[in-house]
Amino acid sequence: MAQLYSSVKPTPMLKDELDIVIPTIRNLDFLEMWRPFFEQYHLIIVQDGDPSKVINIPVGFDYELYNRNDINRILGPKASCISFKDSACRCFGYMVSKKKYIYTIDDDCFVAKDPTGKEINALEQHIKNLLSPSTPHFFNTLYDPYRDGADFVRGYPFSMREGAITAVSHGLWLNIPDYDAPTQLVKPLEKNSRKFDLPLRLPILYVDAVMTIPKGTLFPMCGMNLAFDRELIGPAMYFGLMGDGQPIGRYDDMWAGWCVKVICDHMGWGVKTGLPYIWHSKASNPFVNLKKEYNGIFWQEEAIPFFQSVTLPKECTSVQQCYLELAKLVREKLGKVDPYFITLATGMVTWIEAWEELNSAEGTEAEAPNGKNE
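Residues numbered from 1 in each chain as written. Predicted model: local features only at pLDDT ≥ 70, side-chain atom pairs only at ≥ 80, totals over all residues. Heavy atoms only, no water.

Labelled according to an unreviewed UniProt entry, the chain appears under the name UDP-arabinopyranose mutase, originating from Arabidopsis thaliana x Arabidopsis arenosa.

Here it is as structure tokens:
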């Protein structure tokens, strides 16, 4: 009898309220390592590149698979807003999901271990981050006061201790950090470690902390280990126009992060960063990355001050309204930097139109994926 009960898997948190979105160009063997944590959730796989290529997915996972042909069929002319030959295509998965929450991960990311050697359930930590409040309006020096063993420090206003709704949980990486190409080139062997510095037993670069990014502060969002409240901030999670036919790449998640943070600040919501860690297994080619990032390295020096100075009007009371206002400002202000931003602003508007259409009652019928397993 004991053996019978031990074989029953516990129901994971938010099992029926969360989709896992994975962009890929290859077989998803990496899912085997994530099986204990992902198997009971629904996966949305967005296949980039050649749609005729067969992607093998391990048996036992509940998934939908969409390729470029599906994107074109479902969105029609509005498919122009979804990047091709770039991981930015993942945001199509956000659009077709019907769940409240999204977790997105790259296919070169594996289960990490904490400094004690215990495997980290990254998804569970993200969910805990999202379900607990944030503190964007006043910084708590013990970081996340809602974690077990922490609290608000002396001097923290009692009137602000209820916190704010958490819209985004931004996780980090062990092994290969998320560096830009110039940093990769000058630090080719650098890795993020979970080892201890003996004999003091202090962690070197594994930081056991979750913190809220303060209101008014931007951050470089990475999409390879990211969770968010889709119902709350989903329409702003557009990863832009990158990759094939575009003069820039590897800025998709950062663009989304800048837009999301400005909108969260306006709406009074929080963004957390820190735990959980995943194991990023390989570094991409820095010379290829430099070619993709070249324009972005210059343009970000204009884009970041733009986002830092943006003030959304009080009449913007929904994420869609905020995002369309941002698109207008991008066209007006950043369009002077390069014509690409005019194209991007058009893509932002098209994205909202497609989101609205697909998430209406009439839009659900056309969303059949190319592959499905239940």
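Draft legend 1. Just the overall build of the chain, in detail. A tally of regular secondary structure across the chain gives eleven helices and twelve strands. By the compact-globule yardstick of 21 Å for 374 residues, the chain fits well, its C-alpha radius of gyration being 21 Å. Principal axes of the C-alpha set define a box for the chain whose edges measure 55 × 50 × 45 Å. For the chain, the proportion of its 374 residues judged to be buried stands at 52%. Pairs at least 24 apart in sequence give 75% of the contacts found in the chain among residues at least 6 apart. Distance from the positive charge centre (38 side chains) to the negative charge centre (47 side chains) of the chain: 3 Å. (Helix = DSSP H or I, 4+ residues; strand = E, 2+ residues; numbered from the N terminus. Rg over C-alpha atoms; globule rule 2.2 N^0.38 Å. Buried < 20%, exposed > 50% of the residue type's maximum accessible area, 1.4 Å probe, protein only. Contact = heavy atoms within 4.5 Å. Lys, Arg positive; Asp, Glu negative; His and termini not counted. Charge placed at Lys NZ, Arg CZ, Asp CG, Glu CD.)

Draft legend 2. Just the layout of surface pockets, in detail. Taken as a whole, the largest pocket holds about 1400 Å³ of empty space. Contributing to the lining of the largest pocket are 49 residues, with Ser 87, Asp 106, Asp 178, Arg 250 and Ser 284 lying nearest its centre. Every element with two or more residues in the lining of the largest pocket is listed here: β1 (18-24), β6 (166-175), α8 (252-267), β11 (270-280) and α9 (286-309). The dominant element in the lining of the largest pocket, judged by the number of residues it contributes, is α9, at seven residues. Looking at the lining of the largest pocket, its residues break down into 21 nonpolar, twelve polar and 16 charged. Estimated volume of the second largest pocket: approximately 590 Å³. (1 Å grid on protein atoms, 1.4 Å probe; cavity = no way out; pocket = protein on both sides within 12 Å on 5 of 7 lines; lining within 4 Å. Points joined across faces, edges and corners; volume = space filled by probe spheres on them. Nonpolar A, V, L, I, M, F, W, Y, C, P; charged D, E, K, R; others polar.)

Draft legend 3. Just the pattern of salt bridges, in detail. Counted according to the given criterion, the structure contains 15 salt bridges. For Arg 26, the salt bridge is made with Asp 107, and the minimal N-O distance between the two is 2.8 Å. Note that Arg 26 is positioned in the loop between β1 and α2 (31-38) and Asp 107 in the loop between β4 (101-105) and β5 (109-110), a separation of 81 residues in sequence. A salt bridge links Glu 325 to Lys 328, with the nearest nitrogen and oxygen atoms 3.5 Å apart. With Glu 325 and Lys 328 both in helix α10 (residues 319-333) and three residues apart, this pair spans about one turn of that helix. Shared partners join several salt bridges into a network, and the residues in it are Glu 32, Arg 35 and Glu 39. (Salt bridge = Lys/Arg side-chain N within 4 Å of Asp/Glu carboxyl O.)

Draft legend 4. Representation of the side chain of Lys 99 in the model. With respect to the helices and strands, the residue Lys 99 is situated in the loop between α4 (91-96) and β4. Looking at Lys 99, its side chain comes within polar contact range of the side chain of Asp 19, at 3.1 Å. Not counting residues within four places of it along the chain, the set of residues in contact with Lys 99 comprises Asp 16, Glu 17, Leu 18, Asp 19, His 42 and Arg 230. (Polar contact = N/O pair within 3.5 Å; in protein donor to acceptor, adjacent residues only side chain to side chain.)

Draft legend 5. Spotlight on the packing of α8 against α10. For the pair α8 and α10, the least separation of the axes is 10 Å and the interaxial angle reads 125°. The angle between α8 and α10 places the two elements in the oblique class. For the crossing formed where α8 meets α10, the hand is right-handed. Between α8 and α10, the contacting residues are Trp 255, Cys 259, Ile 263, His 266 and Met 267 on the first element and Val 319, Cys 322, Tyr 323, Leu 326 and Val 330 on the second. Across the contact of α8 with α10, the residue classes tally to nine nonpolar, one polar and no charged. (Axes fitted to C-alpha atoms, helices over the stretch in contact; angles between N-to-C directions. Parallel < 35°, antiparallel > 145°, perpendicular 65-115°, else oblique. Left-handed = near helix turned anticlockwise from the far one by under 90°.)

Draft legend 6. Expanded view of the nonpolar core. Within the largest apolar cluster, 71 residues are counted, with the highest numbers of intra-cluster contacts made by Leu 75, Ile 233, Trp 255, Tyr 323, Met 348 and Trp 351. The element best represented in this core is helix α11 (residues 340-358), accounting for ten residues. Core analysis: the second largest hydrophobic core is formed by 32 residues, Leu 28, Ile 45, Ile 55 and Cys 222 among them. (Core = buried A, V, L, I, M, F, W, Y, C linked by side-chain atoms within 4.5 Å.)

Draft legend 7. Just the packing of aromatic side chains, in detail. What the rule picks out here adds up to 23 aromatic pairs. With a centroid separation of 5.0 Å and 20° between ring planes, the pair formed by Tyr 238 and Trp 351 is classed as stacked. Here Tyr 238 is found in the loop between α7 (230-233) and α8, whereas its partner Trp 351 is found in helix α11, with 113 residues between them in sequence. Judged by its relative accessible area of 0%, Tyr 238 is buried. Aromatic side chains Trp 299 and Tyr 340 sit 5.5 Å apart centroid to centroid with 15° between the ring planes, which places their arrangement in the stacked category. In this pair, Trp 299 is assigned in helix α9 and Tyr 340 in helix α11, connecting sequence segments 41 residues apart. Under the relative-accessibility criterion, Tyr 340 is labelled buried at 5%. Ring pairs connect the aromatic residues Trp 255, Trp 258, Trp 299, Phe 306, Phe 307, Tyr 340 and Phe 341, which therefore count as one cluster. (Phe/Tyr/Trp six-rings, centres within 6.5 Å; stacked < 30°, edge-to-face > 60°.)

Draft legend 8. Region of interest: a nonpolar patch on the surface. Taken together, the side chains of Leu 185, Val 186 and Phe 287 define a hydrophobic patch exposed on the protein surface, amounting to about 320 Å² of accessible area. The residue Phe 287 is located in helix α9 in this model. On the basis of relative accessibility, which here comes to 59%, the residue Phe 287 falls in the exposed class. (Patch = residues over 30% accessible without salt bridge, like charges linked within 9 Å, V, L, I, M, F, W, Y side chains within 5 Å. Areas by Shrake-Rupley, 256 points an atom, 1.4 Å probe, with all protein chains shown as cover.)

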